[in-house]
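Survey of secondary and tertiary structure
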Amino acid sequence: MSQLIAHELTTLGTANPRIGVDGGRMPSRYLTIDGVPAYQIGYSCGTCGLVLRRQPGAPTGPLSAAAVRDRLNAGLNGLDQEVIDAFAAQLPRADYQVMLLDTLPTLAAPGATNDYFALDGPAGWRNEEFEYSIDPANASYYRLDRLAVGDHDELFEFAVPMGDPTELDADVVARYSQAPGRPTAVAFGLLDIEGPWFRRERHWGLFHFLLDGHHKMAAAAANNAPIRLLTFVSAGESLACDDELLRLPEIIRADGHGRADR
């Protein structure tokens, strides 16, 4: 279950960001860090399915902001402009839906019983008349919420680490497991909406690529505990229209007392 703490739509970013989206290698799109492809994140057609494929040689380090680390470790209670500005300096110039959420992460490995790309995705694209498949994931990630969107669509949320979450420093993870309050992770968000051409239903994939808070996220998943997440969801780089992006807070807020179906 996700709980929306605060949100605002604002213009942020810089002309020379550290993180970006490369859509020039058609038909694929890539999340990049310092210009290096880190993840294949989808196709431009809108019908091929959600994609999460880590790229060879992908950077593994976080894009943290040391100046606001203490504030994040203590946990944000609302949108903090100093924290927003610190991370906006690493983001591409665009309009962003900035949201502060409490959410419950579950680690998912490729091919596991909770792997979207092995189960939910293929089920959504299955058709008895056609051979149709989606790309399998090749790296571990975190499942967050699965929410209804209207009568036909569903929203699937993912938190994506920059490296292998099983290779984190166990002592640091343990320290966050014992930390008071609700330490806050930070992410760059993309909303990609895909649906097979032969079906009305679509999957809204809300990807939160972790910039900071990898150990915090691992600790929350290990303890089956919520984590606070500050996420910058890009309007310019998402495969969704402005109206769909603007609906995100409403969708998440409506589920605040609902289900967390994984």
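Residues numbered from 1 in each chain as written. Predicted model: local features only at pLDDT ≥ 70, side-chain atom pairs only at ≥ 80, totals over all residues. Heavy atoms only, no water.

Regarding the environment of Asp-192
Definition in use: Here a strand is any run of E in DSSP of at least two residues, a helix any run of H or I of at least four, and the numbering for each starts at the N terminus. Burial classes: relative accessible area under 20% of the type maximum marks a residue as buried, over 50% as exposed, and values in between as partly exposed (1.4 Å probe, protein chains only). Any pair of residues with heavy atoms lying within 4.5 Å of one another is described as a contacting pair. Within 3.5 Å is the distance limit for a polar contact, defined as a pair of N or O atoms, with the added protein rule that one can donate a hydrogen and the other accept it, and that residues adjacent in sequence qualify only through two side-chain atoms.
Inspection of the secondary structure puts Asp-192 in strand S10 (residues 184-194). Take Asp-192: its relative accessible area is 2%, and that puts it in the buried class. Asp-192 sits 141 residues away from Val-51 along the chain, and the two C-alpha atoms are 9.6 Å apart. In this structure Asp-192 touches Arg-29, Ile-41, Leu-50, His-203, Trp-204, Gly-205, Ser-238 and Leu-239, once residues within four positions along its chain are discounted. At 3.0 Å, the side chain of Asp-192 and the backbone nitrogen of Leu-239 are in polar contact.

Focus on the nonpolar core
The condition is simple: Within this scheme, the nonpolar core is defined by two criteria: the residues are buried Ala, Val, Leu, Ile, Met, Phe, Trp, Tyr or Cys, and they are joined through side-chain atoms within 4.5 Å.
If you look at the biggest cluster of nonpolar residues, it comprises 45 residues, and the most contacted ones within it are Phe-117, Phe-209 and Phe-232. Filtering out sequence-adjacent residues up to four positions away, Phe-117 remains in contact with Leu-50, Val-51, Leu-52, Pro-122, Ile-134, Asp-135, Pro-136, Ala-137, Tyr-141, Phe-158 and Phe-207. Residues Met-99, Ile-193, Ala-235 and Ala-240 belong to the second largest nonpolar core, which totals 17 residues.

A closer look at the side chain of Asn-127
Mapped onto the elements of the fold, Asn-127 is located in the loop between helix H3 (120-125) and strand S8 (141-149). For Asn-127, a relative accessible area of 19% gives the class buried.

Observations concerning the pairing of S10
Let me state the cut-off plainly: Paired strands, as defined in this entry, are two strands with at least two bridges between them according to DSSP.
Of all the 11 residues making up S10, 11 are buried; the element is thus mostly covered by neighbouring parts of the structure. On S10, burial covers both faces: Thr-184, Val-186, Phe-188, Leu-190, Asp-192 and Glu-194 on one face and Ala-185, Ala-187, Gly-189, Leu-191 and Ile-193 on the other are all buried. Strand direction decides the pairing type here: S10 and strand S12 (residues 227-234), joined by 6 bridges, are parallel. When the bridges of S12 are listed, Ala-187 appears paired with Thr-231. Examined bridge by bridge, S10 and strand S11 (residues 203-212) share 9 bridges and lie antiparallel to one another. Bridged to Gly-189 within S11 is His-208.

Overview of the confidence of the model for the chain
What counts, and what does not: How sure the predictor is of each residue is captured by pLDDT, a score from 0 to 100.
Confidence in the prediction of the chain, expressed as mean pLDDT, is 92, and 97% of residues score 70 or more. For the stretch residues 257-262, pLDDT sits under 50, and the model shows 15 contacts to residues farther than four places along the chain or on other chains.

Overview of the layout of surface pockets
Operational definition: Cavities and pockets are found on a 1 Å grid laid over the protein atoms alone: a cavity is a set of points where a 1.4 Å probe fits but cannot escape, a pocket is an open set with protein on both sides within 12 Å along at least five of seven lines, and a lining residue has an atom within 4 Å of such a point. Grid points are joined across faces, edges and corners, and a volume is the space filled by probe spheres set on the points. Ten residue types, Ala, Val, Leu, Ile, Met, Phe, Trp, Tyr, Cys and Pro, are classed as nonpolar, four, Asp, Glu, Lys and Arg, as charged, and the remainder, Gly among them, as polar.
Reported here for the largest pocket is a volume of approximately 290 Å³. In this structure, the largest pocket is lined by 15 residues; those nearest its centre are Pro-62, Leu-168, Gly-213, His-214 and His-215. Secondary structure elements with two or more residues in the lining of the largest pocket: helix H1 (69-74) and helix H5 (214-222). Of all the elements, H5 adds the most residues to the lining of the largest pocket, at 3 residues. Counted as a void, the second largest pocket has a volume near 190 Å³. Lining the second largest pocket are 13 residues; nearest its centre among them are Tyr-176, Pro-183, Ala-220, Ala-225 and Pro-226. With 3 residues, H5 is the single largest residue contributor to the lining of the second largest pocket. Its residues assigned to classes, the lining of the second largest pocket comprises 8 nonpolar, 3 polar and 2 charged.

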